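So you can see what is in the structure, the chains are spelled out below.
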Amino acid sequence: IDTPHAELSIEATSLVEVTHEKTPSISGLKWETVANEALSRRDLSAAAPAHFLFSSPRVEITADVTRYARDSFRQGRGIFDASRELIRRIKNDFAYEPEATEISTPLARAFSERRGVCQDFAHIMIAGMRGLGLPAAYVSGYIRTVPPPGKKRLEGADATHAWVSVWCGSNNGWVGFDPTNAIDVATDHIALAVGRDFSDVSPVYGVFVGSGANELEVEVDVIPVASL
């Protein structure tokens, strides 16, 4: 675009049908069993756990974060119970502050300062689980938010969201956990992309070169509709 302009707007509208299998409520397999199975599998397909076991560009496995996760993953504990406790601890221990971090903020800084946004919390959970030998993937998408009782739902007030998908053994497959909200992933979560970390799933790529100041704004509106 080589003519003067004041705004570039990208708008996407989609009708999405979301289905979800409820996360098991029982403890399930011991997490150590899942970790051992992940190491023994020889599958290299797109959803194979092998791709999500090690450090990646935005997720460095460190002793501090691994120790933090291990407090939830005590010996012999079930994979579901331990994962749920970890997301509750992240929500309680970390402050949600949109201005505290940027896309480029290192995981170690967000972890040490105990603040950030959904991207940071997902990266921290992923690093902790991978440090324990558990496959964990980064999921980017949207979440439908519900307003307080008596309040009108705000339109365009949301943004992209991020959560974690944990491989819970060959029988259970990948199960979603949302550390920002301390909830299981369900039909309010709309997944767009899955990767090792945010660097794999950025919704828009591009380069802007021009004079003057510029500012990026992102708005997302998720509206439930009647069944067709």
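Our subject in this report is the structure included herewith.

Calculation rules
Residues numbered from 1 in each chain as written. Predicted model: local features only at pLDDT ≥ 70, side-chain atom pairs only at ≥ 80, totals over all residues. Heavy atoms only, no water. Helix = DSSP H or I, 4+ residues; strand = E, 2+ residues; numbered from the N terminus. Buried < 20%, exposed > 50% of the residue type's maximum accessible area, 1.4 Å probe, protein only. Contact = heavy atoms within 4.5 Å. Areas by Shrake-Rupley, 256 points an atom, 1.4 Å probe, with all protein chains shown as cover. Lys, Arg positive; Asp, Glu negative; His and termini not counted. Charge placed at Lys NZ, Arg CZ, Asp CG, Glu CD. Arc of directions from axis to C-beta. Salt bridge = Lys/Arg side-chain N within 4 Å of Asp/Glu carboxyl O. Core = buried A, V, L, I, M, F, W, Y, C linked by side-chain atoms within 4.5 Å. 1 Å grid on protein atoms, 1.4 Å probe; cavity = no way out; pocket = protein on both sides within 12 Å on 5 of 7 lines; lining within 4 Å. Points joined across faces, edges and corners; volume = space filled by probe spheres on them. Nonpolar A, V, L, I, M, F, W, Y, C, P; charged D, E, K, R; others polar. Axes fitted to C-alpha atoms, helices over the stretch in contact; angles between N-to-C directions. Parallel < 35°, antiparallel > 145°, perpendicular 65-115°, else oblique. Pairing = 2+ DSSP bridges.

## With respect to the overall build of the chain
Along the chain, the regular secondary structure elements total five helices and seven strands. Viewed in the frame of its principal axes, the chain has a C-alpha envelope of about 60 × 40 × 35 Å. Expressed as a percentage of its 228 residues, the buried residues of the chain come to 39%. When contacts within the chain are restricted to residue pairs at least 6 apart in sequence, long-range pairs at least 24 apart make up 68% of them. Approximately 13,900 Å² of the chain is accessible, and the part contributed by carbon and sulfur atoms is 51%. The average position of the 22 basic charges and that of the 30 acidic charges among the side chains of the chain differ by 9 Å.

## Things to note about helix α2 (residues 63-70)
Within the span of α2, buried status applies to V65, T66, Y68 and A69. The buried residues of α2 occupy an angular sector of 155° when projected down its axis, which confines them to one face. Of the surrounding secondary structure, the elements contacted by the buried residues of α2 are α3 (79-93), α4 (107-113) and α5 (118-131).

## Focus on unusual backbone geometry
For R114, which is not glycine, the phi dihedral falls at a positive 60°. Residue placement: R114 occurs in the loop between α4 and β2 (115-116).

## As for the pattern of salt bridges
Per the stated rule, a full pass over the model turns up eleven salt bridges. Between D43 and R41 there is a salt bridge; the shortest N-O distance is 3.7 Å. The exposure class assigned to D43 is partly exposed, which follows from its relative accessible area of 28%. One salt-bridge network, in which partners are shared between bridges, spans E97, R109, E113 and R115.

## Considering the nonpolar core
If you look at soluble globular proteins, the nonpolar side chains tend to sit buried side by side. Core analysis: the largest hydrophobic core is formed by 41 residues, its most contacted members being F73, I79, L86, M125, M129, L134 and V166. When residues of this core are traced back to their parent elements, those giving at least two are α1 (31-40), α2, α3, α4, α5, β3 (136-143), β4 (161-167) and β5 (174-178). Here this core gets eight residues from one element, more than from any other, and that element is α5.

## Quick word on the layout of surface pockets
A volume near 530 Å³ is recorded for the second largest pocket. As for the second largest pocket, its lining consists of 25 residues, and the residues nearest its centre are H20, S165, W174, V175 and G176. Within the residue set of the lining of the second largest pocket, elements represented by two or more residues are β3, β4, β5 and β7 (189-195). Among the elements that make up the lining of the second largest pocket, the one with the highest residue count is β7 (four residues). Residue composition of the lining of the second largest pocket, by class: 15 nonpolar, seven polar and three charged.

## Structural notes on the packing of α2 against α5
It is at 8 Å that the axes of α2 and α5 come closest, and there the two elements cross at 85°. Taken together, α2 and α5 sit at an angle that is classed as roughly perpendicular. Listed contacts from α5 to V65, T66 and A69 of α2 are I124, A127, G128, M129 and G131. Looking at the contact of α2 with α5 residue by residue, the class counts come to five nonpolar, three polar and no charged.

## Here's the deal with the sheet that holds strand β6 (residues 183-184)
The antiparallel open sheet is built from five strands, whose spatial order is β6-β5-β4-β3-β7. Looking at which strands have only one partner, the edges of the open sheet turn out to be β6 and β7. Across four bridges, the pairing between β4 and β5 is antiparallel. Its bridge partner lying in β5, S165 is registered against G176. On the sheet, α5 packs against β3, β4 and β5 and is oriented at approximately 15° with respect to β4.

## Details of the side chain of T101
For T101, the location among the structural elements is in the loop between β1 (95-96) and α4. Sequence-distant contacts of T101, defined by excluding residues within four places in its chain, comprise A110, R115, G116, V117 and D120.

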